[in-house]
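Each chain, letter by letter, is given below.
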Amino acid sequence: MEGVDHLAHERNKSEFDVDAMKIVWAGSPHAFDVSDRISKLVASDPGFRKDNRSTLSRKELFKNTLRKAAYAWKTIVDLRLSEEEAAKLRFYVDEPAFTDLHWGMFIPAIKGQGTEEQQQKWLPLAYKMQIIGCYAQTELGHGSNVQGLETTATFDPQTDEFIIHSPTLTSSKWWPGGLGKVATHAIAYARLIVGGREHGVNGFIVQLRSLEDHSPLLGITVGDIGMKFGNGAYNTMDNGVLRFDHVRIPRNQMLMRVSQVTCEGKYKQSDVPRQLVYGTMVYVRQTIVADASCALSRAVCIATRYSAVRRQFGSQNGGPETQVIDYKTQQSRLFPLLASAYAFRFIGEWLKWLYADVTQRLQANDFSTLPEAHACTAGLKSLTTTATADGIEECRKLCGGHGYLCSSGLPELFAVYVPACTYEGDNTVLLLQVARFLMKTVSQLGSSKKPVGTIAYMTRVEHLMQCRCGVQRGFAELSVDLVEAAVAHCQLIVVSKFIEKLQQEIPGKGVKQQLEVLCNIYALFLLHKHQGDFLSTGCITPKHAALANDELRSLYSQVRPNAIALVDAFNYTDHYLGSILGCYDGNVYPKLYEAAWKDPLNESVVPDGYHQYIRPLLKQEIRTARL
Ligand SMILES: CCCCCCCC/C=C\C/C=C/C(=O)SCCNC(=O)CCNC(=O)[C@H](O)C(C)(C)COP(=O)(O)OP(=O)(O)OC[C@H]1O[C@@H](n2cnc3c(N)ncnc32)[C@H](O)[C@@H]1OP(=O)(O)O
Ligand SMILES: Cc1cc2nc3c(=O)[nH]c(=O)nc-3n(C[C@H](O)[C@H](O)[C@H](O)COP(=O)(O)OP(=O)(O)OC[C@H]3O[C@@H](n4cnc5c(N)ncnc54)[C@H](O)[C@@H]3O)c2cc1C
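Not measured: the values here are computed from a predicted model. (Residues numbered from 1 in each chain as written. Chains lettered and ligands numbered in written order. Predicted model: local features only at pLDDT ≥ 70, side-chain atom pairs only at ≥ 80, totals over all residues. Heavy atoms only, no water.)

**Q** Hey, could you run me through the site of ligand 2 in this one?
**A** Near ligand 2 there are 20 residues, and of these Tyr 135, Thr 138, Ser 144, Gly 177 and Asp 426 occur at the shortest range. At 2.9 Å, a backbone N or O of Tyr 135 approaches a nitrogen atom of ligand 2. Separating an oxygen atom of ligand 2 from a side-chain N or O atom of Ser 144 is a distance of 2.5 Å. Among the residues making up the shell around ligand 2, the classes are represented as nine nonpolar, nine polar and two charged. (Near = heavy atom within 4 Å. Polar contact = N/O pair within 3.5 Å; in protein donor to acceptor, adjacent residues only side chain to side chain. Nonpolar A, V, L, I, M, F, W, Y, C, P; charged D, E, K, R; others polar.)

**Q** Would you mind showing me how to read the packing of aromatic side chains here?
**A** To describe a pair of aromatic rings, you give the distance between the ring centres and the angle between the ring planes. In the structure shown here, the tally under the stated rule is 22 aromatic pairs. With a centroid separation of 5.1 Å and an interplanar angle of 70°, the aromatic rings of Phe 162 and Phe 204 are classed as edge-to-face. Taken together, the positions of Phe 162 in strand β3 (residues 161–165) and Phe 204 in strand β6 (residues 197–207) put the pair 42 residues apart, joining distant regions of the chain. Each member of the pair Phe 162 and Phe 204 is classed as buried. Ring geometry for Tyr 283 against Tyr 355: centres 5.7 Å apart, planes inclined by 55°, an arrangement best described as tilted. Residue Tyr 283 is found in helix α8 (residues 279–309), and its partner Tyr 355 is found in helix α9 (residues 328–363); the two are separated by 72 residues along the sequence. Since its relative accessible area comes to 25%, Tyr 283 is described here as partly exposed. Among the residues examined, Tyr 355 registers a relative accessible area of 21% and is labelled partly exposed. Every member of this aromatic cluster is reached through a ring pair, and the members are Trp 25, Phe 91, Tyr 92, Tyr 342, Phe 346, Phe 498, Phe 570, Tyr 572 and Tyr 576. In this structure, Arg 11 is placed above the aromatic ring of Tyr 584, and the distance from its NZ or CZ to the ring centre is 3.5 Å. Here the basic side chain of Arg 298 rests over the ring of Tyr 576, its NZ or CZ set 4.2 Å away from the ring centre. (Phe/Tyr/Trp six-rings, centres within 6.5 Å; stacked < 30°, edge-to-face > 60°. Helix = DSSP H or I, 4+ residues; strand = E, 2+ residues; numbered from the N terminus. Buried < 20%, exposed > 50% of the residue type's maximum accessible area, 1.4 Å probe, protein only. Lys NZ or Arg CZ within 6 Å of the ring centre and 35° of its normal.)

**Q** Looking at this model, I keep getting lost on the UniProt feature "binding site: FAD" (unreviewed entry) in the protein. Mind explaining?
**A** According to UniProt, the positions carrying the feature "binding site: FAD" (unreviewed entry) are Thr 138 and Gly 177. The named residues occupy 40 residues along the chain; their greatest pairwise C-alpha distance, 10.5 Å, places them in one compact cluster. Locating Thr 138 in the fold gives a position in the loop between β1 (133–136) and β2 (152–156). Contact partners of Thr 138, with chain neighbours within four places excluded, come to Gly 143, Ser 172, Lys 173, Trp 174, Trp 175 and Pro 176. Looking at the secondary structure, you find Gly 177 in the loop between β4 (173–174) and β5 (185–194). With sequence-adjacent residues up to four places away left out, Gly 177 is seen in contact with Leu 101, Cys 134, Met 237, Asp 238 and Asn 239. (UniProt positions renumbered as here; feature names shortened; annotations may be inferred. Contact = heavy atoms within 4.5 Å.)

**Q** What should I look at first to understand the pattern of salt bridges in this one?
**A** Oppositely charged side chains are able to pair whenever their charged atoms sit close together. For the structure shown, the criterion picks out 33 salt bridges. Between Asp 36 and Lys 40 there is a salt bridge, with the nearest N and O atoms lying 3.0 Å from each other. On the criterion of helical spacing, the pair formed by Asp 36 and Lys 40 is a turn pair, its members being four residues apart in helix α3 (residues 29–43). Using a relative accessible area of 16% as the deciding quantity, one classes Asp 36 as buried. Between Lys 50 and Asp 94 there is a salt bridge, with the nearest N and O atoms lying 2.7 Å from each other. Here Lys 50 is found in the loop between α3 and α4 (58–78), whereas its partner Asp 94 is found in the loop between α5 (83–93) and α6 (98–113), with 44 residues between them in sequence. Here Lys 50 and Asp 94 have matching classes, each one buried. A cluster of three or more residues bridged by salt bridges with shared partners is formed by Asp 5, Arg 11, Arg 305 and Asp 568. (Salt bridge = Lys/Arg side-chain N within 4 Å of Asp/Glu carboxyl O.)

**Q** How should the sheet that holds β4 be read in this particular structure?
**A** Strands belonging to one sheet form pairs held by backbone hydrogen bonds; the direction of such a pair is parallel or antiparallel. Within the open sheet, the three strands sit side by side as β4-β8-β7. Their pairing is antiparallel. The open sheet terminates on both sides in strands that have one partner only, identified here as β4 and β7 (220–224). In this sheet, strand β8 (residues 240–244) lies alongside β7 in antiparallel orientation, the contact comprising five bridges. Counted as the bridge partner of Val 222 is Leu 242 from β8. (Pairing = 2+ DSSP bridges.)

**Q** I tried to follow the nonpolar core on my own but got confused; where do I start?
**A** Considering soluble globular proteins, one finds that nonpolar side chains tend to be buried as a cluster. Counting residues in each nonpolar core, the largest one holds 149 residues, and the members touching the most others are Leu 338, Tyr 342, Leu 380 and Leu 515. Beyond its immediate stretch of four places on either side in the chain, Leu 380 contacts Val 289, Ile 347, Trp 350, Leu 351, Cys 490, Ile 493 and Val 494. Among the nonpolar cores identified, the runner-up in size contains 25 residues, and Ala 153, Ala 190, Val 222 and Val 247 belong to it. (Core = buried A, V, L, I, M, F, W, Y, C linked by side-chain atoms within 4.5 Å.)

**Q** What exactly am I supposed to notice about the packing of α8 against helix α11 (residues 410–417) here?
**A** Each packed pair of helices is defined by two parameters, the angle between the axes and the distance between the axes. Put simply, α8 and α11 touch, their axes get as near as 11 Å, and they point 165° apart. By the angle between their axes, α8 is roughly antiparallel relative to α11. Our pair here, α8 against α11, has a crossing hand that is left-handed. Residues Ala 292, Ala 295, Arg 298, Ala 299 and Ile 302 of α8 pack against Leu 410, Leu 413 and Tyr 417 of α11. Counted by class, the contact of α8 with α11 contains seven nonpolar, no polar and one charged residues. (Axes fitted to C-alpha atoms, helices over the stretch in contact; angles between N-to-C directions. Parallel < 35°, antiparallel > 145°, perpendicular 65-115°, else oblique. Left-handed = near helix turned anticlockwise from the far one by under 90°.)

**Q** Explain the site of ligand 1 to me, please; I cannot follow it from the model alone.
**A** Every one of the 30 residues lining ligand 1 counts as a neighbour, but Ser 144, Tyr 278, Arg 285, Arg 436 and Lys 440 are closest to it. Measuring from an oxygen atom of ligand 1, one finds a side-chain N or O atom of Gln 275 at 3.0 Å. A distance of 2.8 Å separates an oxygen atom of ligand 1 from a polar side-chain atom of Arg 285. Protein coverage of the free-state accessible area of ligand 1, which is 1300 Å², stands at 78%. Those elements that place two or more of their residues in the shell around ligand 1 are α6, α8, α10 (370–398) and α12 (427–444). If you tally residues by element for the shell around ligand 1, the top one is α8, at six residues. (Areas by Shrake-Rupley, 256 points an atom, 1.4 Å probe, with all protein chains shown as cover.)

This is the structure in structure tokens:
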């Protein structure tokens, strides 16, 4: 029945202060207030409805996204929302759109790689959305290999301009979000050529479309790259293709914080690492880690609530069947994902601190922690997005057949989320960067340069370097093992930062105890999953492995009475979850049944096409001899 909380009995089992846990999950009382207020604002406004997406064509879907983006901007302006509130509103609108790239990459690129003068010129236009930007780096022929990009930017000292050109088909920009139909400007990454000499890949601000009628400018060929994975999903985004035919831009539209070109045609490299050109990717990678905890927690919330609602087998003397959340197999699949959602939340908080710290150091020309920041953002982006994509799929399976319905919210969540394993850096390519960082650290062991921060533990492998054991084979030859070592390194960081979080003051009855249980589940689940490595390296004995397994089962029993309260702590509205299986009141079956009849296919009891195709089939005169 509507209004009845079918999960009340579960909520009454909770052994901790859920409201206090909501603050921990949000990060602070202020963050909780903003999140709670904005999520309810979006949920209550019919202008942000999203339950009709699966019935729209690509063009209708895209136009609806434009409408919502414009409506969101109007809401932000009318309500005079702060930057923090506006970001939260775009988050809870929950639809990939060109605004993600405008705010999430175009503006950060100008802030990170533009000079003060360039920031003063372009940021006010971007903040007021008088221009709409995208981040055009990837090409048809190159994405991972940035140094392989082919677009050229040739300096013309006669006119004090750069000539931006796509020399080959494979140099066509391909994938940038917002590029296909909306962006008026791009940060385009191209090979800088000055006086016939190449100076690597740099960023250039290029206008693509007229601000009068939105038509592409001279020399610009631009469009959408076509349908992507899933039906709705990421097809709300106009990922685009772009070709330049000798497009001229003023010299002052090359982002010049890292490298400069003077009007005389002199190239100058600032005394900053060339890799600062990659700074925007580092920034987005750390935001993607926080996004992973959001996406995984959404899926876990749906699967946990439904696992408490769903009953299957186990009826005694005509009594109720067993809640599937009480099966140990369901718990062993679900609770490590619940623990991971919390673990990723806290590692995301730490990574945000690390990124802010390295940014502050860079402003003082202190580059000492840049390699560690690159390795951590790359590795943790890879680890958390892989685990989250796999986790969303596992949550779909945990919901049985109904998990495969669009109305469960899980297929759409999966389809929108999985490209995170690829964009902002293919996950394997990024782990190889971590492996390179670890090998460089090992090679420096024994020198005066002592490992600190997240690699401080590596002093313990120093003996390996001294005995020079093992065959010195190439990095490429050992890359599979090195990638596994990179994952282990990142997992160690996640566990360490979860433990550090627990050493902080955490208010609320029973809150710290619940987080300790989740931290132990996260760590012991990893030990169990990789016990082969731990046993073969002598880190643990078979007895330890058995003890860890026994403890895991005990920990699952401790989580069980608190599971619903732990997902309530995410404080997601039913609108944001977009899931009948995950609805707060647990009143699943009536909602599933009602939703079915709303499908356009049920607008008529006899399907369109019956008379054309089915009736002739049924009424066929000629029947095969066998029938
Ligand atoms: C509120 C926020 C909302 C955000 C919105 C998000 C929406 C997200 C949705 C979609 C957006 C998607 C956008 C994109 O996908 S943008 C394109 C992303 N592309 C990539 O990530 C490309 C990946 N490839 C690379 O990064 C590089 O090619 C590379 C690192 C793999 C190799 O670079 P290369 O120049 O060849 O360097 P080397 O490997 O030779 O290393 C040299 C040296 O430099 C160090 N280094 C490399 N990268 C960095 C870096 N980023 N920062 C610092 N240092 C770096 C590397 O470690 C080496 O150091 P050394 O060993 O000491 O020599
Ligand atoms: C939804 C979506 C949105 C995107 N948005 C943007 C955007 O806004 N702007 C933008 O510029 N780009 C964008 N991209 C592009 C994205 O950044 C690239 O696709 C990504 O960087 C991966 O590069 P790639 O496609 O070249 O993959 P590839 O590198 O071709 O990967 C193919 C395979 O090769 C492997 N591989 C590659 N190099 C190595 C190596 N050295 N060693 C071992 N294995 C290797 C990879 O691991 C992978 O398995 C987007 C992509 C997607 C899917």
